[in-house]
Amino acid sequence: MDTRDSKTPEEELQHLKEVSQPEDYDQPEPDVEQSEAKSPPGGLHRVLPIVIVVIGLAVAAMLLLSGKGP
């Protein structure tokens, strides 16, 4: 690792050339090839709406049974 504060003009020019080159999309990033990245998310997105509905029904039932409901 280069820890110098300043670079020579040639080094600065080489660095700018490396940085300005477009990304190579023909060779994917390593994480694209991982099986975890390709698998769909877990079942939480299916369970969450059910939990919300059950909690809503429980709150509505508590309000109605306590006599303070609309």
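Everything quoted here is computed from the prediction, not taken from an experiment. (Residues numbered from 1 in each chain as written. Predicted model: local features only at pLDDT ≥ 70, side-chain atom pairs only at ≥ 80, totals over all residues. Heavy atoms only, no water.)

1. Thoughts on the overall build of the protein
Next up, step 1: A count of helical and extended segments in the protein gives 3 helices and 0 strands.
Next up, step 2: Secondary structure elements of the protein, listed N to C terminal, follow the sequence α-α-α.
Next up, step 3: For the protein, buried positions account for 0% of its 70 residues.
Next up, step 4: Carbon and sulfur atoms form 63% of the exposed surface of the protein, whose accessible area is close to 7000 Å². (Helix = DSSP H or I, 4+ residues; strand = E, 2+ residues; numbered from the N terminus. Buried < 20%, exposed > 50% of the residue type's maximum accessible area, 1.4 Å probe, protein only. Areas by Shrake-Rupley, 256 points an atom, 1.4 Å probe, with all protein chains shown as cover.)

2. Re the confidence of the model for the protein
Next up, step 1: Per-residue confidence for the protein averages 76 on the pLDDT scale, and 57% of its residues sit at or above 70.
Next up, step 2: The weakest mean pLDDT in the protein belongs to helix 2 (residues 35-38) at 62; the strongest belongs to helix 3 (residues 44-66) at 91. (pLDDT = per-residue confidence, 0-100.)

3. Structural notes on helix 3
Next up, step 1: The terminal C-alpha atoms of helix 3, which comprises 23 residues, lie 32 Å apart, in line with the 33 Å expected from a rise of 1.5 Å per residue.
Next up, step 2: The first or second residue beyond helix 3 is G67, which carries a positive phi of 85°. (Expected span 1.5 Å × (residues − 1).)

4. Focus on a nonpolar patch on the surface
Next up, step 1: A contiguous nonpolar surface patch, about 530 Å² in accessible area, is contributed by L44, V47, V51, I55, V59 and L63.
Next up, step 2: Along the chain, V51 turns up in helix 3. (Patch = residues over 30% accessible without salt bridge, like charges linked within 9 Å, V, L, I, M, F, W, Y side chains within 5 Å. Salt bridge = Lys/Arg side-chain N within 4 Å of Asp/Glu carboxyl O.)

5. Topic: the environment of S66
Next up, step 1: Turning to its location among the elements, S66 is positioned in helix 3.
Next up, step 2: Among the polar contacts made by the side chain of S66, one reaches the main-chain carbonyl oxygen of L63 at a distance of 3.1 Å. (Polar contact = N/O pair within 3.5 Å; in protein donor to acceptor, adjacent residues only side chain to side chain.)

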